[in-house]
Amino acid sequence: MGLNSIEVKKAFAESLGESMKKVIGFMGVDISVSVAEIANSISIPRPEQGDFSSSICFSLAKAAKKSPALIAHEIASAMNSGTSKKDYMKKISEENGYINLWIDEVRYSASILESILEEKAKYGTSGIGAGIKAIIEFPSVNPNKPWHIGHLRNALLGDSISRILSANSYSIEREDYIDDLGLQMAEILWGEDKLGSQEGKKYDTMLGEAYVQINKDITEKHAESDVNAILKKMEDTESEESQKIRRISEKSVRAQYETAFAYGIYHDVLIWESDVVRKRLLKNALEFMALKKITSLRTYGKYKDCTVIASNSEKTETEESDSEDNVKVLIRSNGVATYVAKDLAFHMWKLGIIDPGFEYSKFLMQPNGQEVYTSSDKGARMNFGRADIAINIIGSAQQHPQNLLKKVFEEITGESRIIHIAYGEVSVKGGTLSGRKGGWMGTAKSYTADELLSEMEKITSQIVANGKKAEDSKVLPDVPRKVALAAIKFEFLKVDPEKKVVFEWEKALDLNSNSGPYCMYTYARASRILEKAEMAQDGFDLGPGDFSRVTRGEDFKIIKHIGTMQEIIEKACREYKPSIIAGYAMELSLMFSNFYESMPVLGGGESKNLRVAIVMAAKQALFNMLGLINIETAERM
RNA sequence: GGGCAUGUGGCGCAACUUGGAUAGCGCAUCUGGCUUCGGACCAGAUGGUUGCGGGUUCAAAUCCCGUCAUGCCCGCCA
């Protein structure tokens, strides 16, 4: 069994617990503290103070009526003389009321290095999500425009969270919801004659630009009622309008997915709103909710003839004083369902509450070799849906409808199975990225995901070209693109999801302040050192003599950090935060730089084997962590 | 008016969920380092009353109350 920070914390806590019982019993005080509580008091202190540290004595002080320092002293000596201490725990010290564990650096290093070199890509993964199926939805962009940088943030978050959950043994289904029956597509159809006029453009971009013009025309010509008529016709999925829009949408989504593929973002299944309607999912869902008395038909007041969800029920039953806050319309008085109604129905599919009998067919072969499927009017039944939890990557602007969704499902299932990752939306210096007004089109450069990548790649190509020496001809041609992608992905994923982002070209394209390429650089350095070390990459024999060369310097520091990987990956999973992974990768890169600056590897003499092993381990750790934020590495750059 | 989120050196962020030792990191600025495994690098320095005011505690960036600022949401739109 390999040791890591989780194991050590657990063992330390147990050992502390046993010693505490003795000491406190001796002191004549009756205190019970759970092992979990002790474990919670353990953190990783500054290296001068030990490897692990517990502040538990502070919590005991009051009840025991002794100073924390005295209790710490008693416990530490009991642990040092007792048997509860594991053999890899070298000594227990005590300082200012803290109990500090000093681990046997040779044993700990051996255990961690052997584990990571053995487990490779699996190192750091966990089983906390085993047996749980999660459907994760992203980015669900309307099919009338290209992905802009806001959609990109959404997609990168969804993709990375999927990877992180997978690494924790969750079974993941990546789903994308396509709203082909919405107002925006009706508007596209209204202004159909504006389409296709621009040759050589990507289809989604062409649509997006046309849409801005169409939207303007509609306002100027007061054509809203015409659009509504189209919208109404589209509700019939067999209508000519509906079929035509579906064809336009499919073409548009294929164009959008060219962008997704360029960023290495893939899906498992697309669900179309038109299929939701066709399969009467909405109808069934509404019946279900009526039966459960979640919804009701209003016969009075402001919402007369609407089907609504009212959160504070009977009190205002006969009054017209419904406050807007607690009534949500699902079916309008004209019989048309609202978006929220469709979303509720859709989540009944996701969570397996209603099976609409979707059929699926192949939509696209993705560059990762996996087919993405689509709901369809003809195809086969497949195993999509029926998830235990549904994770929605949706901007924080939709907090309200998402909360309503969660509340309704808590009522239905009795537990919380919908998770809304409410990320802060992306804006640009001058304003918003509105699709309607065309904010994404920018002025000099557009704010599309495509444009961002191509601009970034110009810069990285230049840098690679400038830095290239004659001997560097082994740098592969895909490196500039990889570096560009690393820069963009790291920049978006290093900040907490809930923070809002203001995009600026100048800052985005400044590679000096960007950590993605730095991590890649570190990886490339590690690769080159190993190449020069001329040892087989697939493990070489390390003996006890090699491990005994470990010091309490930069070498042990980086090993200890690698030992926290599983803990970090679990934390990122529980909190749905790729930023935790990005932060770790950055720290690891910095530590690695410190390590190889201060400890020569090839000229390491007796320590050479150990240091080569550390380089291998760090390289693997970096590879695993960067993989979770979808950043590819390169052996040379 | 109500709800949610954010506020940490000049700038961008971390630590807050689970209170703990000297509040970390990057950029920028200043100083130094390439005959030695790749300078997309490293070392050192400058810079903080954690928006403000109370409270709880042995201990508060972290918890509680209040307050200010900013953003988003609150429609028979999606």
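Quick caveat, the model's predicted, so the values are computed rather than measured.

So, the sheet that holds strand E4 (residues 98-103)
Note on sheets: strands pair through backbone hydrogen bonds, and any given pair is parallel or antiparallel.
Okay, so step 1: With antiparallel pairing, the 4 strands of this open sheet are ordered in space as E1-E2-E4-E3. Looking at which strands have only one partner, the edges of the open sheet turn out to be strand E1 (42-43) and strand E3 (89-95).
Okay, so step 2: In terms of strand pairing, strand E2 (residues 52-54) meets E4 through 3 bridges, oriented antiparallel. Within E4, the position partnered with Phe52 by the bridge is Leu101.

A look at the pattern of salt bridges
Okay, so step 1: Counted according to the given criterion, the structure contains 45 salt bridges.
Okay, so step 2: Put simply, Lys194 and Asp193 hold a salt bridge, and the shortest N to O gap is 3.9 Å.
Okay, so step 3: Through salt bridges with shared partners, a single ionic network connects Asp51, Lys90, Glu105, Arg552 and Lys560.

A few points about unusual backbone geometry
Okay, so step 1: The step from Phe138 to Pro139 runs through a cis peptide bond, and the omega angle for that step is -20°.
Okay, so step 2: Residue placement: Pro139 occurs in the loop between strand E5 (133-137) and helix H6 (149-167).
Okay, so step 3: Residue Ser169 is not a glycine yet carries a positive backbone phi of 75°.
Okay, so step 4: If you trace the backbone, Ser169 turns up in the loop between H6 and strand E6 (171-178).
Okay, so step 5: Unusually for a residue other than glycine, Tyr576 sits at a positive phi of about 55°.

A short note on helix H23 (residues 608-628)
Okay, so step 1: The terminal C-alpha atoms of H23 lie 30 Å apart, and with 21 residues this matches the ideal 30 Å at 1.5 Å per residue to within 8%.
Okay, so step 2: With 17 of its 21 residues buried, H23 lies for the most part within the structure.
Okay, so step 3: Phi turns positive, to about 60°, at Asn630, one or two residues after H23.

Some remarks on the protein's contact with RNA strand B
Okay, so step 1: Near RNA strand B you find 59 residues, and of these Ser53, Arg332, Lys499, Asn594 and Tyr596 are the closest.
Okay, so step 2: Considering RNA strand B, the proportion of its atoms within 4 Å of the protein that are sugar or phosphate atoms stands at 59%.
Okay, so step 3: Between a base oxygen of RNA strand B and a side-chain N or O atom of Asn40, the distance comes to 3.0 Å.
Okay, so step 4: Asn594 has a polar side-chain atom sitting 2.5 Å from a phosphate oxygen of RNA strand B.
Okay, so step 5: Counting only elements with at least two residues in the surface near RNA strand B, the list comes to helix H3 (56-64), E4, helix H14 (399-413), helix H18 (515-533), helix H21 (565-575) and helix H22 (578-598).
Okay, so step 6: For the surface near RNA strand B, the leading source of residues is H18, giving 8 residues.
Okay, so step 7: Across the surface near RNA strand B, the residue classes tally to 24 nonpolar, 14 polar and 21 charged.

Considerations on the environment of Leu231
Okay, so step 1: Secondary-structure assignment places Leu231 in helix H9 (residues 224-234).
Okay, so step 2: Expressed as a C-alpha distance, the spacing of Leu231 and Lys122, which sit 109 residues apart in the sequence, is 50 Å.
Okay, so step 3: Leaving out residues up to four positions away in the same chain, Leu231 has contacts with Leu181, Gly182, Leu183 and Ala186.

Brief notes about the domain arrangement of chain A
Okay, so step 1: Under the domain assignment used here, chain A contains domain 1 (5-103) and domain 2 (449-628).
Okay, so step 2: On the domain 2 side, the residues contacting the 9 residues of domain 1 number 8 residues.
Okay, so step 3: Carbon and sulfur atoms supply 46% of the area that domain 1 and domain 2 bury against each other, a total of about 690 Å² over both sides.
Okay, so step 4: Three residues stand out in domain 1 for area buried against domain 2, namely Ser5, Ile6 and Asp51, and they jointly supply 56% of the buried area on that side.
Okay, so step 5: Here domain 1 and domain 2 share 6 residue pairs in polar contact (both at pLDDT 80 or more) between them.
Okay, so step 6: Secondary-structure elements contributing two or more residues to the side of domain 1 that touches domain 2 are helix H1 (5-27) and E4.
Okay, so step 7: Take the side of domain 1 that touches domain 2: its biggest share by element is 3 residues, from H1.
Okay, so step 8: Broken down by class, the residue content of the side of domain 1 that touches domain 2 amounts to 4 nonpolar, 2 polar and 3 charged.

Observations regarding the side chain of Ser15
Okay, so step 1: Tracing the sequence through the fold places Ser15 in helix H1.
Okay, so step 2: Overall, Ser15 belongs to the buried group, its relative accessible area being 1%.
Okay, so step 3: With residues near it in sequence (within four places) discarded, Ser15 still touches Met79, Ser84 and Lys85.

What to know about the nonpolar core
Okay, so step 1: Counting residues in each nonpolar core, the largest one holds 143 residues, and the members touching the most others are Phe12, Ile75, Ile391 and Ile562.
Okay, so step 2: Residue contributions to this core peak at 13 residues, all from H23.
Okay, so step 3: No fewer than three residues from each of domain 1 (5-103) and domain 2 (449-628) sit in this core.
Okay, so step 4: Ile75 has contacts with Leu16, Ser19, Met20, Val23, Cys57, Leu60 and Ile99, leaving out every residue within four places of it along the chain.
Okay, so step 5: Core analysis: the next-biggest nonpolar cluster, separate from the first, contains 36 residues, Leu344, Tyr360, Ala387 and Ala390 among them.

Some words on the pairing of E6
Okay, so step 1: Within E6, 7 of the 8 residues are buried, which leaves the element mostly enclosed by the surrounding structure.
Okay, so step 2: Pairing geometry for E5 and E6, over 5 bridges, is parallel. Paired with Lys133 across the bridge in E6 is Ser171.
Okay, so step 3: Handedness of the E5-H6-E6 crossover: right-handed.
Okay, so step 4: Pairing between E6 and strand E7 (residues 269-272): 4 bridges, direction parallel. Each bridged residue has a counterpart across the sheet, and for Ile178 the counterpart in E7 is Trp272.

Re the confidence of the model for chain A
Okay, so step 1: Averaged over chain A, the pLDDT score is 91; the fraction of residues at 70 or greater is 94%.
Okay, so step 2: Across residues 313-324 the pLDDT falls below 50, and counting only partners more than four positions away or on other chains, this stretch makes 12 contacts in the model.
Okay, so step 3: Across the interface, the model reports ipTM at 0.96; the global pTM reads 0.95.

Criteria and thresholds
Residues numbered from 1 in each chain as written. Chains lettered and ligands numbered in written order. Predicted model: local features only at pLDDT ≥ 70, side-chain atom pairs only at ≥ 80, totals over all residues. Heavy atoms only, no water. Pairing = 2+ DSSP bridges. Helix = DSSP H or I, 4+ residues; strand = E, 2+ residues; numbered from the N terminus. Salt bridge = Lys/Arg side-chain N within 4 Å of Asp/Glu carboxyl O. Expected span 1.5 Å × (residues − 1). Buried < 20%, exposed > 50% of the residue type's maximum accessible area, 1.4 Å probe, protein only. Near = heavy atom within 4 Å. Polar contact = N/O pair within 3.5 Å; in protein donor to acceptor, adjacent residues only side chain to side chain. Nonpolar A, V, L, I, M, F, W, Y, C, P; charged D, E, K, R; others polar. Contact = heavy atoms within 4.5 Å. Domains from an automatic or database assignment. Buried area = accessible area lost by both parts, 1.4 Å probe. Core = buried A, V, L, I, M, F, W, Y, C linked by side-chain atoms within 4.5 Å. Right-handed = clockwise from strand over helix to strand, strands pointing away. pLDDT = per-residue confidence, 0-100.

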